[in-house]
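Fold and contact review
As a plain string of letters, each chain reads:
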Amino acid sequence: MLSISEAETKVADLVAAAKRVGADAADAVYHRNESTEVQVRLGALEDVGRSDGEEIGLRLFVGKRSASVSSSDLSRDALAALVERAAAMAREAPEDDYAGLAPADRLLTGTAVDVDSDDGEDPSPASLKARALAAEDAARAIAGVTNSEGAGASAGRTLMALATSTGFVRGSVSSGYGCSASVIAGEGAGMQRDYAYHSARHLSDLEGAEEIGTRAGQRAVGRLNPGKLASGAMPILFDPRVGSSLIGHLAGAITGSSIARKTSFLLGKRGERIFAPGITIRDDPHRLRGLRSRAFDGEGLTTMPVDVVADGVLQTWLLDSASARQLGEAPTGHAARGGSGAPGAGTSNFFMEAGTASVAALMSDIKLGVFVTELIGQGVNGITGDYSRGASGFVIRDGQLAESVAEITIAGNLSDMFLALTPADDLVFRRAMDVPTLRIDGMMVAGA
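Looking at the overall build of the protein chain
When its secondary structure is counted, the protein chain shows 9 helices and 19 strands. A globule of 448 residues ought to have a C-alpha radius of gyration of about 22 Å, and the protein chain, at 24 Å, matches this closely. With the C-alpha coordinates aligned to their principal axes, the bounding extent of the protein chain is approximately 70 × 55 × 35 Å. Relative to its 448 residues, the protein chain shows a buried fraction of 49%. Across the protein chain, contacts joining residues at least 24 apart in sequence account for 72% of those joining residues at least 6 apart. With the model as given, the accessible surface of the protein chain reaches about 18800 Å², and the carbon-plus-sulfur share is 49%. Where the 43 positive side-chain charges of the protein chain centre and where its 57 negative ones centre are 3 Å apart.

Printed below as a string of structure tokens:
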């Protein structure tokens with residue numbers, strides 16, 4: 001893998017080459033990804049995979065016209081051809097009044113925030129195999145588990161660098177590790193499956209393989225013999241692993257492109273209450289070892305923690321430079337981009353702060369409800385907020401978890417759901433989007 005300085009030199013040289021062929025402005029981004037993954041099943045090695053790839057992308061502007069190109073061939077001749085092709089494409093492209101680089105006065109300067117994203121570890125395939133086997137063994141040791149879909153462990157490292165013709169040149173390296181297990185409980189038509197996983201930037205932060213496997217096995221066994229549930233309106237509790245999708249819908253609705261195109265159910269809601277008082281949703285790009293931590297965004301802008309929702313009130317949109325221009329505003333440092341194409345907008349470490357009530361307290365007054373542990377399908381309309389998804393989990397009866405339930409549908413509208421939402425006190429940072437257990441009253445349930 002290149003060093004950060006070598007990667008920075010590569011993108012800076014590509015931007016300089018673009019300027020030499022007549023570009024008015026340009027930026028370039030480099031990505032190098034290395035990863036090793038080991039899969040096991042039923043106690044035997046099933047697969048070992050190693051990937052190692054790099055890509056460089058160039059975005060070039062000629063007046064108000066632009067073009068984006070990318071290449072995995074980083075030889076001198078290939079990059080020279082890349083620049084010529086981008087210049088030719090840009091001259092034929094339609095004009096776009098909103099395209100362009102980020103404002104130079106908002107670019108990151110000085111010392112970047114250290115988010116501790118790389119631990120320098122390089123675990124061997126043998127150690128990854130041992131971790132995967134330990135996870136599967138723990139899952140299969142749970143009484144009632146009858147088969148395995150397998151377990152896996154992975155390790156990888158990503159290097160990225162970004163340069164712009166306005167003078168920004170920075171790079172970063174991040175490590176990543178994961179472990180998962182998926183098993184089956186029961187027999188015949190009554191079989192049920194479930195899984196558990198964990199991802200971390202530092203190997204030392206990765207949850208123990210035995211804990212991951214045990215949780216997968218217990219979840220699968222807990223789903224056996226699902227009962228029936230009558231249809232009707234009732235309270236729903238969302239397990240954190242599925243509840244995080246709700247703030248994912250929020251993030252999608254407040255990105256600049258959705259607002260500029262008027263395709264968001266939250267259009268016109270900035271500055272208004274969209275959650276109950278006391279609820280805070282925060283985007284924190286500076287969390288140490290966070291899965292999406294970063295000192296600068298995909299356009300080189302300084303990142304800062306921000307309350308997207310404060311005391312239930314929507315505070316901001318998430319804007320890259322193009323959508324900010326279209327809306328007549330300033331970018332917010334939320335630009336995200338891959339190896340090619342223009343940046344979009346997205347979150348970093350996005351989470352809802354914990355509430356004050358325990359999970360037990362949240363469900364204590366529920367006569368009949370559902371604790372959802374898995375969601376199925378993509379039945380969410382981002383324009384209207386209409387929400388309808390398949391679900392499974394457990395019935396709540398008289399304030400206690402009861403029998404499992406499957407093949408139900410839960411429905412509502414995200415605007416109403418957000419206002420009716422209450423968070424528990426069990427927030428744990430495990431994902432790029434995190435929430436505590438969530439309660440939403442008044443959702444419609446269609447039983448099996």
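Comments concerning the pairing of strand β7 (residues 232-238)
The buried fraction of β7 is high, at 6 of 7 residues. Two strands pair when backbone bridges link them, and β7 and strand β14 (residues 368-376) are joined in this way by 3 bridges, in the parallel orientation. Residue pairing across strands places L237 opposite F371, the latter belonging to β14.

Regarding the sheet that holds strand β5 (residues 169-185)
Read across the sheet, 6 strands follow the order β3-β2-β1-β4-β5-β6 without closing on themselves; strand pairing throughout is antiparallel. In this open sheet, the two strands that pair with only one neighbour each are β3 (65-71) and β6 (192-200). The mean angle between the axes of side-by-side strands here comes to 20°, regardless of whether they run parallel or antiparallel. Relative to β5, strand β4 (residues 145-164) runs antiparallel, the two being bridged by 17 bridges.

Quick notes on the rules
Residues numbered from 1 in each chain as written. Predicted model: local features only at pLDDT ≥ 70, side-chain atom pairs only at ≥ 80, totals over all residues. Heavy atoms only, no water. Helix = DSSP H or I, 4+ residues; strand = E, 2+ residues; numbered from the N terminus. Rg over C-alpha atoms; globule rule 2.2 N^0.38 Å. Buried < 20%, exposed > 50% of the residue type's maximum accessible area, 1.4 Å probe, protein only. Contact = heavy atoms within 4.5 Å. Areas by Shrake-Rupley, 256 points an atom, 1.4 Å probe, with all protein chains shown as cover. Lys, Arg positive; Asp, Glu negative; His and termini not counted. Charge placed at Lys NZ, Arg CZ, Asp CG, Glu CD. Pairing = 2+ DSSP bridges. Axes fitted to C-alpha atoms, helices over the stretch in contact; angles between N-to-C directions.

Distances and angles like these do not, on their own, reveal function.
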